[in-house]
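# Working through the structure, step by step
What follows is the residue order along each chain.
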Amino acid sequence: MDPFFISTPIYYVNARPHLGHAYTTIVADSISRIHKLQNHQTFFLTGTDEHGDKIVEAAASNNQTPEEYVDSISSLFRNTWPWLEATPDKFIRTTYPEHKKCVQEVLQKVYDKGDIYFGEYGGHYCLGCERFYTEKELVDGLCPDHLKKPKFLQEKNYFFRMTKYLEPLREHILNNPDFIKPERYRNEVLGMLGEELTDLCISRPKSRLTWGIELPFDQQYVTYVWFDALINYISALSWPEGGDFKKYWSGAHHLVAKDILKPHAVFWPTMLMAADIPLFQSLRVHGYWTVSETKMSKSLGNVVEPMSMVDKYGLPSFRYFLLREMQFGLDASFSEEALVGRLNADLANDLGNLTNRVLSMTHKYFNGEVPVPSEFSEMDKETIELGQESLKDYVKLFENFDFAKALARLWVLVSHLNKYVDQSAPWVLYKEKNTVRLQTVMYVLLEGIRKIALHLWPVMPGASEKMLEQLGVEFDLNSVDLTGECAQWKGLPSGTMVAKSSNLFPRVDLSTEKKDKAQKPQKTKKEPKENLVQFEDFQKMKLVTGRIIEAQPVEDADKLYKLSVDIGKGEPRQVVAGLAEFFKPQDLTGRDVVVLANLAPRKIRGVMSHGMVLAVRQGKKMSLLKADPQSDPGKKVS
Ligand code: MSP
């Protein structure tokens with residue numbers, strides 16, 4: 001089996017990680033885990049894309065140098081992934097010296113080959129897309145993506161002779177049906193190649209932009225962001241000589257959403273051809289997560305924050321929902337109602353109840369010990385066969401990025417085991433003292449649940465390991481054999497002690513949650529006269545150091561700011577604070593503060609606040625509390 005390499009796009013650092021980024025990263029993590037479960041050598045790459053006009057603009061509006069700005073947002077991305085149990089093997093940044101060197105080597109190679117030339121170009125430049133548009137590509141004179149009028153720019157630049165490689169690329173796509181998947185995107189790319197494509201402008205004059213990688217053959221220019229960013233996929237593997245490149249490149253798969261199909265399906269393979277580097281195996285393209293039928297975007301203010309969903313509904317439900325709900329390739333709509341629906345039906349009801357029932361029956365009938373099965377009945381054999389088929393299909397579908405279908409297939413087994421409990425009625429067998437049959441039935445169930453838990457590891461690693469632990473099994477990646485799992489029904493050693501019960505997926509009642517929120521605040525209880533606080537009460541307060549990333553005004557509330565504060569948790573905290581009378585937003589960015597992090601969330605003037613920034617008011621002055629000397633975000637204050 002070839003080694004398996006999976007990459008996500010490297011994300012722009014002009015926005016904080018949101019649900020869209022989280023989805024792609026979780027998919028990449030899950031697919032790498034299903035390969036790890038089969039003992040394949042795997043490499044999962046993600047990172048940040050840090051050059052270009054957009055970043056310079058974002059840094060300036062944040063009153064920071066580009067260096068300071070990219071460092072802070074890049075670490076936000078890097079720190080978010082472990083909270084989502086996404087564990088990349090490498091996090092690449094385009095500002096790393098190794099990456100810059102690699103980009104320059106590729107550029108020089110293509111230049112020496114004669115596939116980069118100098119020319120003059122006039123075009124409509126969209127800052128949002130960081131690219132030139134031809135007259136034909138504009139819609140009513142506007143950028144089709146940003147619906148803004150691009151600037152007309154006429155300048156001398158370097159061009160990559162992309163047109164030379166378009167026909168070989170078309171042939172490659174035609175000869176390799178799996179090169180771009182799902183098929184709708186393959187067809188879309190073939191359509192693009194049928195239209196008139198031009199050579200690619202790959203430089204920006206330094207007179208206009210300096211935040212980029214200098215061209216090795218002309219110091220007056222920096223590299224166009226896409227030519228720079230795409231190379232991350234090989235610079236991260238230390239192309240050309242690095243061991244990782246030699247080991248993994250032949251098994252390379254790229255994962256992107258449909259927004260960046262063209263750079264990945266046209267620019268990147270033609271760049272590889274020009275640099276005489278073998279092409280990747282496949283490009284896997286997914287659709288958009290939408291909210292109320294609209295693509296999520298920072299400017300529309302409809303961005304779903306992954307960490308707040310995780311805080312509310314738990315990580316296993318979040319990861320399960322994302323993989324189960326989106327048909328890979330199509331758009332999917334995100335709503336908390338849908339998430340809770342899946343959590344309650346699939347996880348709490350079907351899987352959670354099954355596990356809990358079977359564990360408690362094992363305790364009741366066998367003091368918690370996995371019994372020794374005897375001969376399987378016809379009903380057992382049917383169940384086992386169905387189980388083995390479901391698991392086999394699940395792995396195949398999962399490897400093929402058909403996550404929704406894979407999970408639906410696995411749930412056929414979950415539902416079947418629920419039916420099996422009812423049909424085999426262990427409580428009757430127990431009453432009738434039919435111990436031999438009872439032992440076999442309970443074994444079929446316990447082994448089935450173990451297999452399900454193991455196969456769920458790519459979807460919800462932590463919960464899967466906990467479920468296995470409840471079955472008395474320690475998860476050990478090195479000893480897992482998925483192919484073997486489908487060939488037997490005897491992996492769980494008899495005599496193993498299992499947990500008494502399981503409550504990994506508690507039900508959530510959304511309607512009560514909403515009602516609770518809508519209720520008027522309860523009248524506060526009378527304070528005790530003595531205003532002393534017990535030490536244990538003080539200890540309940542989670543005071544931590546933080547750093548303000550951004551301060552924004554709150555609509556119709558002159559005194560308030562909506563702060564975004566890094567408290568070392570990856571995802572920044574949103575805190576509403578009455579600081580607007582005392583500070584300008586830019587005076588607050590970068591300030592070190594102390595935050596009460598476990599203050600119950602509260603809506604203040606329609607904006608949720610998750611904590612409090614501590615400050616001292618002295619007349620017309622407000623001073624922010626901070627550690628002295630300054631401390632990294634997330635340190636405990638005690
Ligand atoms: N920096 C470029 C990529 C360079 S790769 C060599 C870029 N960055 S991005 O931050 O805009 O990330 C785009 C990617 O984020 C999408 O392709 C997708 O993986 C993910 N998503 C962002 N919004 C999304 C949705 N609303 N839905 C699904 N995925 C989304 O483009």
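Preceding block: the structure.
Now for a quick tour of the structure. (Residues numbered from 1 in each chain as written. Predicted model: local features only at pLDDT ≥ 70, side-chain atom pairs only at ≥ 80, totals over all residues. Heavy atoms only, no water.)

Moving on: the overall build of the protein chain. Within the protein chain, the secondary structure is distributed over 22 helices and 25 strands. For 638 residues, the compact-globule formula gives about 26 Å, and the C-alpha radius of gyration of the protein chain, at 28 Å, lands near that figure. Taken along the three principal axes of its C-alpha coordinates, the protein chain extends 90 × 75 × 45 Å. Pairs at least 24 residues apart make up 74% of the contacts formed inside the protein chain by residues separated by at least 6 positions. Of the accessible surface of the protein chain, which amounts to about 30,000 Å², a share of 50% is contributed by carbon and sulfur atoms. Averaging the locations of the 80 positively and 83 negatively charged side chains of the protein chain gives two centres separated by 6 Å. (Helix = DSSP H or I, 4+ residues; strand = E, 2+ residues; numbered from the N terminus. Rg over C-alpha atoms; globule rule 2.2 N^0.38 Å. Contact = heavy atoms within 4.5 Å. Areas by Shrake-Rupley, 256 points an atom, 1.4 Å probe, with all protein chains shown as cover. Lys, Arg positive; Asp, Glu negative; His and termini not counted. Charge placed at Lys NZ, Arg CZ, Asp CG, Glu CD.)

Once that is clear, we can look at the sheet that holds strand E10 (residues 214-215). The strand order across the open sheet built from 3 strands is E9-E11-E10, with neighbouring strands paired in antiparallel fashion. Both edges of this open sheet fall to strand E9 (203-205) and E10, since each of them pairs with a single strand only. (Pairing = 2+ DSSP bridges.)

Once their charged atoms are close, side chains differing in charge can pair, the charge on each being opposite to the other. The final tally for this structure, using the stated rule, is 29 salt bridges. Between Asp 276 and Lys 113 there is a salt bridge, and its shortest N-O distance comes to 3.3 Å. Highlighted residues: Asp 276 in the loop between helix H10 (261-274) and strand E13 (282-286) and Lys 113 in the loop between helix H4 (97-112) and strand E4 (116-126), separated in sequence by 163 residues. Given the relative accessible area of 35%, Lys 113 is considered partly exposed. Taking the shortest distance from any N to any O, the salt bridge between Glu 167 and Arg 170 comes out at 3.3 Å. Here Glu 167 pairs with Arg 170, and both are found in helix H5 (residues 166-175), just 3 residues apart, close to one helical turn. (Salt bridge = Lys/Arg side-chain N within 4 Å of Asp/Glu carboxyl O. Buried < 20%, exposed > 50% of the residue type's maximum accessible area, 1.4 Å probe, protein only.)

So, on to the site of the ligand. Taken together, 24 residues lie around the ligand, and Ile 10, Thr 24, Asp 49, Asp 259 and Trp 289 are the ones closest in. Residue Tyr 12 places a main-chain N or O atom 3.0 Å away from an oxygen atom belonging to the ligand. Between the ligand and Asp 49, the relevant distance is 2.7 Å, taken from a nitrogen atom to a side-chain nitrogen or oxygen of the residue. In isolation the ligand has 670 Å² of accessible area, and contact with the protein removes 95% of it. (Near = heavy atom within 4 Å. Polar contact = N/O pair within 3.5 Å; in protein donor to acceptor, adjacent residues only side chain to side chain.)

Of the strand pairs in this sheet, E4 and strand E6 (residues 151-160) are connected by 10 bridges, and their pairing is antiparallel. Directly across from Gly 123, in E6, lies its bridge partner Leu 153. As paired strands, E4 and strand E5 (residues 131-133) are joined by 3 bridges and run antiparallel to one another. Across the sheet, residue Tyr 125 finds its bridge partner in E5, namely Phe 132. Linking E4 to E5, which pair antiparallel, is a turn of 4 residues; within it Glu 130 sits at a positive phi near 55 degrees.

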